[in-house]
Amino acid sequence: MTQLPDTLSTPYHRAYHCFTVAAANCVFLLIIAGALVTSNDAGLSVPDWPTSFGSLYRIPPLVGGVQFEHIHRMIAEFIGLLTIGVAVWTQKVDQRRWMRILGWSALGTVIAQGMLGGLTVLFYLPPAISTAHATLGQTFFCIMVSIAFFTSKSWVQEPTPMAIQEARPRLTTLSLLTLTFVWLQLIMGAAFRHSGIRLLPHIIGACVVFCMVNWLTISTLKRHRETPQLAAPAAVLLALLYLQIALGLASYVTRVLWSQPASMPLATMVISTVAHVACGALLLVTTVVLTIQIHRYGAPDYLAEAATQLPPSGSAVSA
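Since this is a predicted model, take the numbers as computed values, not measurements.

S.K.: Any details on the overall build of the protein? Residues and values, ideally.
M.R.: Regarding its fold elements, the protein presents ten helices and zero strands. Each helix and strand of the protein, ordered N terminal to C terminal, gives the series α-α-α-α-α-α-α-α-α-α. When burial is assessed residue by residue, the protein has 47% of its 319 residues classed as buried. Across the protein, contacts joining residues at least 24 apart in sequence account for 78% of those joining residues at least 6 apart.

In structure tokens:
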């Protein structure tokens, strides 16, 4: 049997993979918890950091905005512990050097995210720091999902080389451009939510992302409809795009039009804006997954190298 090189394969560990999947799902819950804090104007409900009302361990009365802010902190602390577990476990079981680096990168990112969260409290929610906090949180989510994806059984087993369509524009280039615009749009959305910019740049960015995602997904489905590794994330991404547009319109109506005369955030505004943020996170991470898959299946050099390393038909690749 042929052992694939370190850059291509590593033993599959089910428990390790399940742990990374659970950690990534918890990060998604953290994004929702953070959106609840912002939507309920609860960012300064707990006025100190790193303590909560002077204590590191005592749970304050969970009333008003305190319930959103303190629960957000508790989830963040739990995810910090999970990320330590992911980073250490990656060093123990993963043979790929780049994955070990990615594991430490996840840990460094969550530490930086926690510090930015503390600075938003200490400096009374400055738009620049709050926007950076929201952006880094979504980036951290992408890193954790990528780790879970790279540890999956479908990833560590080599794909069968396939015919690559070299039509223009190349999907590898188009996917990177689309991912860049989606990430920039995320920054503008966070800046608008934290009163850093006006609505117009966010709307313009939404139009650009709408065009780019449609271009990428339709091109992918046309060229690789019979390849589930590419067609499935492309179809999901397209569905998320239209859902995100609908949620964006709902957020505008409830936040800008309906909530202006209200003395406190309306439930409809909170629900629509939190859903908009959550769907945006899923849109971003699905774009990341599709980009990864396009680069994996659409890189002729990679496939040529993998083909030379694969065992003859009928035999298995050793773990």
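S.K.: Help me get a handle on the confidence of the model for the protein, residues and values and all.
M.R.: Of all residues in the protein, 86% attain a pLDDT of 70 or more, and the chain-wide mean is 88. Note that pLDDT drops below 50 for residues 1–7; the model gives that stretch 19 contacts with residues more than four away or on any other chain. In the predicted structure, residues 300–319 sits below a pLDDT of 50 and forms 36 contacts with residues beyond four places in sequence or in another chain.

S.K.: Requested: an account of the packing of aromatic side chains, with residues and values cited.
M.R.: What the rule picks out here adds up to eight aromatic pairs. Seen from their ring centres, Phe210 and Tyr242 are 5.5 Å apart, and the 80 degrees between their planes marks the pair as edge-to-face. Of this pair, Phe210 sits in helix H7 (residues 199–224) while Tyr242 sits in helix H8 (residues 228–258), placing them 32 residues apart in sequence. In this structure an aromatic cluster arises from ring pairing among Trp98, Phe149, Phe150 and Trp155. Over the ring of Trp155 we find Arg296; its NZ or CZ atom is 3.9 Å from the centre of that ring.

S.K.: Give a detailed account of the nonpolar core, specifying residues and quantitative values.
M.R.: The tendency in soluble globular proteins is for nonpolar side chains to be buried side by side. Among the nonpolar cores identified, the biggest contains 62 residues, and Ile79, Phe140, Phe141, Met144, Ile147, Phe150 and Leu216 are the most heavily contacted of them. Only helix H1 (14–39), helix H2 (65–93), helix H3 (97–122), helix H4 (127–150), helix H6 (171–193), H7, H8 and helix H9 (267–297) provide two or more residues apiece to this core. Counting residues per element, this core draws most heavily on H9, which supplies 16 residues. Beyond its immediate stretch of four places on either side in the chain, Ile147 contacts Thr20, Val86, Met99, Leu102, Gly103 and Ala106.

S.K.: Go over the pattern of salt bridges, please, and point to the residues and values.
M.R.: The final tally for this structure, using the stated rule, is two salt bridges. We note a salt bridge from Glu69 to Arg73, for which the minimum N-O separation is 2.9 Å. One end of the pair, Glu69, and the other, Arg73, are both in helix H2, four residues apart, so they sit about a helical turn from each other. The pair Glu69 / Arg73 is uniform in exposure class, with both members buried.

S.K.: So, the packing of H6 against H9: which residues are in play, and what are the values?
M.R.: Across the interface, H6 lies against H9 with an axial gap of 9 Å and an inter-helix angle of 160 degrees. When the interaxial angle is binned, H6 and H9 end up roughly antiparallel. The interaxial crossing formed by H6 with H9 has left-handed handedness. Contacts from Leu171, Thr172, Ser175, Leu176, Thr178, Leu179, Val182, Trp183, Leu186 and Arg193 of H6 reach H9 at Thr273, Val277, Leu284, Thr287, Val288, Thr291, Ile294 and His295.

S.K.: Before we move on, can you summarise the environment of Val288 with the specific residues and values?
M.R.: If you trace the backbone, Val288 turns up in helix H9. Judged by its relative accessible area of 13%, Val288 is buried. Beyond its immediate chain neighbours, meaning those up to four positions away, Val288 contacts Cys142, Ser146 and Leu179.

S.K.: Give a detailed account of the side chain of His72, specifying residues and quantitative values.
M.R.: Tracing the sequence through the fold places His72 in helix H2. Setting aside its immediate chain neighbours within four residues, His72 contacts Leu30, Ala33, Gly34, Val37 and His133.

S.K.: Summarise empty space enclosed by the protein; cite the residues concerned and give the values.
M.R.: Applying the stated rule across the entire model yields two cavities of 30 Å³ or more. Considering only enclosed or pocket space, the second largest cavity measures out at about 40 Å³ in volume. Considering only residue class, the lining of the second largest cavity consists of four nonpolar, three polar and two charged.

The rules we used
- Residues numbered from 1 in each chain as written.
- Predicted model: local features only at pLDDT ≥ 70, side-chain atom pairs only at ≥ 80, totals over all residues.
- Heavy atoms only, no water.
- Helix = DSSP H or I, 4+ residues; strand = E, 2+ residues; numbered from the N terminus.
- Buried < 20%, exposed > 50% of the residue type's maximum accessible area, 1.4 Å probe, protein only.
- Contact = heavy atoms within 4.5 Å.
- pLDDT = per-residue confidence, 0-100.
- Phe/Tyr/Trp six-rings, centres within 6.5 Å; stacked < 30°, edge-to-face > 60°.
- Lys NZ or Arg CZ within 6 Å of the ring centre and 35° of its normal.
- Core = buried A, V, L, I, M, F, W, Y, C linked by side-chain atoms within 4.5 Å.
- Salt bridge = Lys/Arg side-chain N within 4 Å of Asp/Glu carboxyl O.
- Axes fitted to C-alpha atoms, helices over the stretch in contact; angles between N-to-C directions.
- Parallel < 35°, antiparallel > 145°, perpendicular 65-115°, else oblique.
- Left-handed = near helix turned anticlockwise from the far one by under 90°.
- 1 Å grid on protein atoms, 1.4 Å probe; cavity = no way out; pocket = protein on both sides within 12 Å on 5 of 7 lines; lining within 4 Å.
- Points joined across faces, edges and corners; volume = space filled by probe spheres on them.
- Nonpolar A, V, L, I, M, F, W, Y, C, P; charged D, E, K, R; others polar.

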